[in-house]
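Listed below are the residues making up each chain.
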Amino acid sequence: MELRTLRYFVAVAEELHFGRAATRLHMSQPPLSRAIKQLEADVGALLFARSPIGVTLTPVGRVLLDEARALLDHADRVRVRVSAAAGAATITVGILGDGTDPGVARLAAAYRRNHPGIDIRIRDTDLTDSTCGLRAGLVDVALTRAPFDETALTVRVLRSDPVGVVLRSDDPLARRDRLHLAELSDRRWFQFPQGTDPLWQSYWNGGRPREGPVVRAVQECLQAVLWNGTVGLAPLGHVLPAELAVVPLIDMAPSRVVAVWNDGDANPLIRSFIEIASTAYRH
């Protein structure tokens, strides 16, 4: 079995849909389907039960998924160790958002455990750079939140978080169990500086143009709410000061935590980082 074919199989097994897997692999669906059929012929058994809405793993497929993940992880470790033996190996990770996210802590522990000889450098960025220095060549891979312009980038979704509106605790709306975006139409919303990714700005403004103070960092957003009553949005579960409250928004699309890297970057350190991140954020 070729490692490339096993990567195809893992993508289909995780997405449970050939179309989504093909998109994730940046290839068309027909060659992906042919590769999986050839793999099934090599194994001598069906790996997927196919239906019009997608696929499910067969018992044989479930066994192969465990083995394929182990083989691919080992192959990545071999590449990393060889790279490290050839010289100092370094990966620079851009991080945007709450550093207390348990997914980040699990990922850091797992990556150190798998690659103890790698120099991991962290670049923390503010809210004006949705891809954390990736487009400027300052980092190899970024942990951030979508949506943003994905041109020439590869994006792996790690988790989706429901979103709420951040309000002062004494705001009448703060006593509500949930809110619609339309109920906030007369409020001022925070803005990002000119030049910020329009998709990123639009998402954090609830999908429509708004007016309000310009901010660059999470703390500036919270202070704008506290001092000016500005509307802010935040993923649910974030710890806020007692003076602030967060109310779930029932018509706001979830915030997707993603790992992103440049298209075509074959650095094995990045590939290993993405696979470890996918596992760390599933738990």
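In what follows, the structure referred to is the one given above.
On a predicted model such as this, the values are computed, not experimentally measured, just so you know.

Draft legend 1. Layout of the pairing of strand β1 (residues 48-51). Two elements, β1 and strand β2 (residues 54-57), share 4 bridges in a ladder whose sense is antiparallel. Within β2, the position partnered with A49 by the bridge is T56.

Draft legend 2. View of the sheet that holds strand β8 (residues 232-235). Strand order across the open sheet formed by 3 strands is β8-β7-β9, with antiparallel pairing between neighbours. A strand with exactly one partner marks an edge of an open sheet, and here the two such strands are β8 and β9 (244-248). For this sheet, the mean inter-axis angle between neighbouring strands, taken without regard to orientation, is 40°. Two elements, strand β7 (residues 163-168) and β8, share 4 bridges in a ladder whose sense is antiparallel. When the bridges of β8 are listed, V165 appears paired with L233.

Draft legend 3. Seen up close, the sheet that holds strand β4 (residues 119-125). If you trace the 5 strands from one edge of the open sheet to the other, you get β4-β3-β5-β10-β6, paired in mixed fashion. Taken across any chain shown, the strands that pair with only one partner, and hence form the sheet edges, are β4 and β6 (153-161). Pairs of neighbouring strands in the sheet enclose a mean axial angle of 25°, with direction left out of account.

Draft legend 4. Examining the pairing of strand β10 (residues 255-262) more closely. Extensive coverage of β10 is indicated by the burial of 6 of its 8 residues. For β6 and β10, the ladder comprises 8 bridges, and the chain directions are antiparallel. Bridge pairing links T154 to W261 in β10.

Draft legend 5. The environment of W227, seen in detail. Looking at where W227 falls in the secondary structure, it is placed in helix α7 (residues 218-228). Along the sequence, W227 and R121 sit 106 residues apart, while their C-alpha atoms lie 35 Å from each other. A polar atom in the side chain of W227 sits 2.8 Å from the side chain of Q223.

Reading the values: rules and limits
- Residues numbered from 1 in each chain as written.
- Predicted model: local features only at pLDDT ≥ 70, side-chain atom pairs only at ≥ 80, totals over all residues.
- Heavy atoms only, no water.
- Pairing = 2+ DSSP bridges.
- Helix = DSSP H or I, 4+ residues; strand = E, 2+ residues; numbered from the N terminus.
- Axes fitted to C-alpha atoms, helices over the stretch in contact; angles between N-to-C directions.
- Buried < 20%, exposed > 50% of the residue type's maximum accessible area, 1.4 Å probe, protein only.
- Polar contact = N/O pair within 3.5 Å; in protein donor to acceptor, adjacent residues only side chain to side chain.

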